[in-house]
Amino acid sequence: MDFAWSDEQLDFRKEVIRFAKQELNYDMIENDHEEKFSREGWDKCAKLGIQGLPIAAEYGGGGADTLTTVCGLEALGYGCRDNGLIFSINAHMWSSEIPISSFGTEEQKKKYLPKLVSGEWVGVHAMTEPMTGSDAYALKTRAVRKGDKVILNGSKTFITNATYADMVIVFATLDPSKGPAGITAFIVEKGTPGFEISRKLHKMGLRTSPMAELSFVDCEVPAENQLGKDGAGPAIFTASMEWERICILASHLGVMQRLLETSVAYAKERRQFGENIGRFPAISTKIADMEMRLETGRLVLYKAAWMKGQGKHPLREAAIAKAYVADACIQSCMDAIQIHGGYGYMTEYQIERELRDAISGKIYSGTTEIQKMIISGLHGL
């Protein structure tokens, strides 16, 4: 097994870090407080090619393999403090670009992917409903065919990027008698009559990533806007989640490295009782734990990405990576706060925000409990 990045990947990593540090870290305390999404940062990332990393070059993408994509997103997490922006980019890539790239017709790919890859359009998918969540397929949203149209009725919640969405992939039940096998996906464009952003949502963390509820009332979409075949909804959702669970926490590894370096520097500088606090076992063991979590997180996440790049479907490995890195990042945030003491709790040091942002990693893309159910289920439990 080769554990080294190639020279090209290392150069790419350095460029992303340089770009992120220079272009994306501005007014973070204010933007977090005001829940302000950086469209300027979004456009800059798109210009660099971040949003298009895994998409084929013929549609304007970078054609990068899974590991290179992970490499870029980890570098982005290290260099950029705007975790909300990074989360929005991830949601855009895995829940709109990948479904269209994997299941769309050639006409749909040509129509939507170039706009999504370039950052001109913001894409989202709408699966979660007020009464669903981990039980993802218990949908109440209905789709009814009417001639060359499909009529959608229902509501969706916890939809990332909703307030900026130019297109939404909506999951709805076409045939309730078939259960999950009756769920089908449809592409709904901004401005379609009957499609509305019903309520903006406010969060504990990732506050610079917009989130809202959506409503569909007698919303008519052209029949050709169906994504995939009848009943392909679960397959589309699963394919999206596989990519997302592997890649969305890559930026957490970057955050963990940044927190480790920040904590080491502070432990060398801060003096108590006549010596640097890094010499105290209570601090040095936390530094060691942060290092071990980072290296272990890299191993499990890189393995899942490598397997995906080999054409495998790493359900187990993706679940392990998602569960482990989410917990590891939270604990490293906690350790960084403890190392910094009272200063770590202060907004101006920008460490408490890292913790608030990291906690959501245990919830989105399938909760940690769901990941452990997947892992244990593969043992027949």
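Going by the structure above, here's the rest.
Caption draft 1: Looking closely at the overall build of the protein. A count of helices and strands for the protein gives 12 helices and 10 strands. Its C-alpha atoms give the protein a radius of gyration of 21 Å, near enough to 21 Å, the size a compact globule of 381 residues would have. In terms of overall dimensions, the protein has a C-alpha envelope of 80 × 45 × 40 Å along the principal axes. Of all 381 residues assigned to the protein, the portion counted as buried reaches 55%. Counting contacts in the protein only where the partners sit at least 6 residues apart, residues at least 24 apart contribute 76% of the total. Summed over all atoms, the accessible surface of the protein reaches about 16,900 Å², with 54% contributed by carbon and sulfur. Both charge centroids of the protein, one from 44 positive and one from 49 negative side chains, sit 2 Å from each other.

Caption draft 2: Region of interest: the packing of helix 5 (residues 83-103) against helix 7 (residues 233-247). Contact geometry of helix 5 with helix 7 gives a least axis separation of 9 Å together with a crossing angle of 135 degrees. One element, helix 5, and the other, helix 7, form an angle in the oblique class. Between helix 5 and helix 7 the crossing geometry is right-handed. Within the contact between the two elements, helix 5 uses Asn-90, Trp-94, Ser-95, Ile-98, Pro-99 and Phe-103 and helix 7 uses Ala-235, Ile-236, Ala-239, Ser-240, Trp-243, Glu-244 and Cys-247. Of the residues assigned to the contact of helix 5 with helix 7, the class counts are nine nonpolar, three polar and one charged.

Caption draft 3: Focus on the nonpolar core. Core analysis: the largest hydrophobic core is formed by 86 residues, its most contacted members being Phe-171 and Leu-301. Take this core: its biggest share by element is 11 residues, from helix 10 (residues 315-340). In this structure, Ala-126, Leu-152, Ile-159 and Phe-186 belong to the second largest nonpolar core, which totals 20 residues.

Caption draft 4: Quick peek at the environment of Phe-216. Tracing the backbone shows Phe-216 in strand 7 (residues 211-222). In this structure the C-alpha to C-alpha distance between Phe-216 and His-252, which are 36 residues apart in sequence, comes to 34 Å. Excluding residues that lie within four positions of it along the chain, Phe-216 makes contacts with Leu-152, Asn-153, Gly-154, Lys-156, Val-170, Val-188, Gly-194 and Phe-195.

Caption draft 5: Seen up close, the environment of Glu-295. Its place among the elements puts Glu-295 in helix 9 (residues 281-309). The partly exposed category is assigned to Glu-295, whose relative accessible area is 37%. Once the C-alpha coordinates of Glu-295 and Gly-104 are considered, the two residues, 191 residues apart in sequence, prove to be 37 Å apart.

Caption draft 6: Spatial organisation of the packing of aromatic side chains. The tally for this structure, following the rule as stated, stands at 10 aromatic pairs. Residues Phe-87 and Tyr-364 carry aromatic rings whose centres are separated by 4.7 Å and whose planes lie at 45 degrees to one another, so their mutual orientation is tilted. Residue Phe-87 is located in helix 5, and its partner Tyr-364 is located in the loop between helix 11 (352-359) and helix 12 (368-377); the two are separated by 277 residues in the primary sequence. Given the relative accessible area of 10%, Phe-87 is considered buried. A relative accessible area of 14% places Tyr-364 in the buried class.

Caption draft 7: Broad picture of the pattern of salt bridges. Applying the stated criterion across every chain, the model contains 20 salt bridges. Overlapping salt bridges, with partners in common, bring together Asp-32, Glu-35, Arg-207, Glu-352 and Arg-356 in one network.

Caption draft 8: Highlighting the pairing of strand 2 (residues 142-146). Pairing of strand 2 with strand 3 (residues 149-160) involves five bridges; the strand directions are antiparallel. Counted as the bridge partner of Val-144 is Ile-151 from strand 3. Remark: two residues form the turn of the hairpin made by strand 2 and strand 3, two consecutive strands paired antiparallel; Gly-147 in that turn has positive phi of roughly 65 degrees.

The rules behind these values
Residues numbered from 1 in each chain as written. Predicted model: local features only at pLDDT ≥ 70, side-chain atom pairs only at ≥ 80, totals over all residues. Heavy atoms only, no water. Helix = DSSP H or I, 4+ residues; strand = E, 2+ residues; numbered from the N terminus. Rg over C-alpha atoms; globule rule 2.2 N^0.38 Å. Buried < 20%, exposed > 50% of the residue type's maximum accessible area, 1.4 Å probe, protein only. Contact = heavy atoms within 4.5 Å. Areas by Shrake-Rupley, 256 points an atom, 1.4 Å probe, with all protein chains shown as cover. Lys, Arg positive; Asp, Glu negative; His and termini not counted. Charge placed at Lys NZ, Arg CZ, Asp CG, Glu CD. Axes fitted to C-alpha atoms, helices over the stretch in contact; angles between N-to-C directions. Parallel < 35°, antiparallel > 145°, perpendicular 65-115°, else oblique. Left-handed = near helix turned anticlockwise from the far one by under 90°. Nonpolar A, V, L, I, M, F, W, Y, C, P; charged D, E, K, R; others polar. Core = buried A, V, L, I, M, F, W, Y, C linked by side-chain atoms within 4.5 Å. Phe/Tyr/Trp six-rings, centres within 6.5 Å; stacked < 30°, edge-to-face > 60°. Salt bridge = Lys/Arg side-chain N within 4 Å of Asp/Glu carboxyl O. Pairing = 2+ DSSP bridges.

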